[in-house]
Amino acid sequence: MNGRPGLRDRSQQEAGCTDQPRHLPWGEAVKRWLSDRELSIFSHLSGFRRFCRGGELPGLSKAAILMDYLRMKCGQGMEKSGDGIVRIAGRPWACLKRGAATGLYRQIFLFRDYEFRSANPAPRILDCGANIGLATLFFKLSYPQSQIDAFEADPDLATILERNVQGNELSNVNVHCCALAKGEGEIDFYPSGTTTTNGSVQADLWRGGEPVRVQARRLSEWIGDEVDFLKMDIEGAESEVIAELSESGALVRVREAVVEYHHNHHGFEGGQSGLARFLDFWERAGFSYQLSADGAGIGWPRVHFFLIRFRRVADLKG
């Protein structure tokens, strides 16, 4: 993907090379803009297709989802500072940054990135990287009897997550303010210094501000007998967390998962992306997988965000 036309030229310009023209003709500029965003456009079209084909949520129609999204979109630039309130299915939902909440809502409720089907009316769900709890709410609307453990490393977001869970009386949801890692103890966490709320244990991933010390825990502690669905969006820590699940033997007790993987981040696997090794953990545990990418990236080489869905091969055959 990194060899697509236009990206190499941009990297040379960012490095200070002068042999490439800085002011391109309008037509060429448009073609390069489209080249950079073709995957993003395709992803959005695919997302809306999933929304149209997806089922209704109990108590929340598709029309209501669209109206909530449009209200959030229209008001996302109106906040001043601190947290705000958005309304979802008539519920007040606290957020730190309304623009970030709108993006999460689009990903979760419109594009249905974390939708899954379970024969269990009370599935066990692990929401890793829960942020302000929009995925947690989606799971609760989909499966009201579900049992959810929601993990958030950012102390400010974890406070808002707890507020949303308690204020909206979401039953059987346990909130854990901790970072997931390969070991236990205290580690540095870098809150986002941008308009997003994507903090990370990787210092250079989002160019966050001063680190804060947070508690680190192993995810294998919460796997138990079986997990019906694992959602993981932990901004760069997914490789070591899945490695720990694999080494502890807990990964085989997950039925289905959706993981956001950060490809091309130089901090992984001794300077390499490690995607092949990451997928190998799952293959050896008996999973099949599908990858999708939206073309988004930060820096050069670009860090691409792959959304990977894993399902047990035995379940697919059944």
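Here's a quick rundown of the structure.

About the criteria used
Starting from 1, residues in each chain are numbered consecutively following that chain's sequence as written. It should be noted that, the model being predicted, local features are given only for residues of pLDDT at least 70 and side-chain atom pairs only at 80 or more, the latter also being counted only at that level, while totals for whole chains, interfaces and linings use all residues. The basis for every side-chain value is the complete set of non-hydrogen atoms in the structure, without hydrogens or water. In this description a helix means any DSSP run of H or I spanning at least four residues, a strand means any run of E spanning at least two, and both kinds are numbered starting from the N terminus. Working definition: with a 1.4 Å probe on protein chains only, accessible area under 20% of the residue-type maximum means buried, over 50% means exposed, and in between means partly exposed. Helix axes use the C-alpha atoms of the stretch in contact, all axes being lines fitted to C-alpha atoms, and the angles between their N-to-C directions lie in the range 0 to 180 degrees. We call a crossing left-handed when the near helix sits turned anticlockwise from the far one by less than a right angle, and right-handed when that turn is clockwise. By definition, residues are in contact when any of their heavy atoms lie within 4.5 Å. As a working rule, the residues Ala, Val, Leu, Ile, Met, Phe, Trp, Tyr, Cys and Pro are called nonpolar, Asp, Glu, Lys and Arg charged, and the rest polar, with Gly in that last group. Under the rule applied, a polar contact is a pair of N or O atoms within 3.5 Å (in protein, one hydrogen donor and one hydrogen acceptor; residues adjacent in sequence only if both atoms are side-chain atoms). Note on pairing: DSSP must find at least two bridges between two strands before they are called paired. Oblique is the label for any angle not under 35 degrees, not over 145, and not in the 65 to 115 range, which are roughly parallel, roughly antiparallel and roughly perpendicular in turn. For Phe, Tyr and Trp, rings pair up if their centres lie within 6.5 Å, where Trp contributes its six-membered ring, and each pair is then called stacked (planes under 30 degrees apart), edge-to-face (over 60) or tilted (otherwise). Criterion for a disulfide: a pair of cysteine sulfur atoms within 2.5 Å.

## Some points on unusual backbone geometry
Line of reasoning, step 1. The phi dihedral of E169 falls on the positive side, at around 50 degrees, and the residue is not glycine.
Line of reasoning, step 2. Structurally, E169 is set in the loop between α6 (155–167) and β5 (173–177).
Line of reasoning, step 3. Look at E169 and you get exposed, because its relative accessible area is 70%.

## What about the packing of helix α4 (residues 98–110) against helix α5 (residues 134–142)?
Each pair of packed helices can be described by the angle between their axes along with the distance between the axes.
Line of reasoning, step 1. Across the interface, α4 lies against α5 with an axial gap of 9 Å and an inter-helix angle of 35 degrees. When you trace α4 past α5, the crossing you get is right-handed. Residue-level contacts link A101, L104, Y105, I108 and F109 of α4 to L134, A135, L137, F138 and L141 of α5.
Line of reasoning, step 2. Split into classes, the residues belonging to the contact of α4 with α5 amount to ten nonpolar, no polar and no charged.

## Re the environment of Y143
Line of reasoning, step 1. You can see Y143 is positioned in the loop between α5 and β4 (147–152).
Line of reasoning, step 2. Through-space distance from the C-alpha of Y143 to that of R117 is 9.8 Å; in sequence the pair is 26 residues apart.
Line of reasoning, step 3. In contact with Y143, other than residues within four places in its own chain, are F116, R117, S118, N120, P121 and P123.
Line of reasoning, step 4. Polar side-chain contacts of Y143 include one of 2.9 Å to the backbone oxygen of F116.

## Thoughts on the sheet that holds β5
Line of reasoning, step 1. Taken in spatial order, the seven strands of this open sheet run β5-β4-β3-β9-β10-β12-β11, and their pairing is mixed. Two strands in the sheet have a free side with no partner beyond their single neighbour: β5 and β11 (287–293). Adjacent strand axes in the sheet meet at a mean angle of 15 degrees when their direction is disregarded.
Line of reasoning, step 2. The sheet contact formed by β4 and β5 spans five bridges and is parallel. Bridge pairing in β5 links D149 to N174.

## A look at the packing of helix α3 (residues 62–75) against α4
Line of reasoning, step 1. Their axes nearest at 9 Å, the elements α3 and α4 cross at an angle of 160 degrees. Here α4 runs roughly antiparallel to α3, going by the angle between their axes. Helix-helix and strand crossings are classified by hand; for α3 and α4 the assignment is left-handed. Between α3 and α4, the residues in contact are A64, I65, L66, D68, Y69, M72, K73 and G75 and R98, A101, T102, Y105, R106, F109 and L110, respectively.
Line of reasoning, step 2. Partitioned by chemical class, the residues of the contact of α3 with α4 number nine nonpolar, two polar and four charged.

## Regarding the packing of aromatic side chains
Line of reasoning, step 1. Under the definition given, this model contains 14 aromatic pairs.
Line of reasoning, step 2. For the pair Y105 and F109, a centre-to-centre distance of 4.7 Å together with 15 degrees between the ring planes defines the contact as stacked. Of the two residues, Y105 and F109 both sit in helix α4, four residues apart, roughly one turn of that helix.
Line of reasoning, step 3. Ring-pair connections join several aromatic residues into one group, and the members of that group are Y69, Y105, F109, F116, F138, F139, Y143 and F229.

## Thoughts on the state of the cysteines
Line of reasoning, step 1. In the structure shown here, the tally under the stated rule is zero disulfides.
Line of reasoning, step 2. The thiol of C177 is unpaired, and the distance to the nearest cysteine sulfur, on C178, comes to 7.2 Å.

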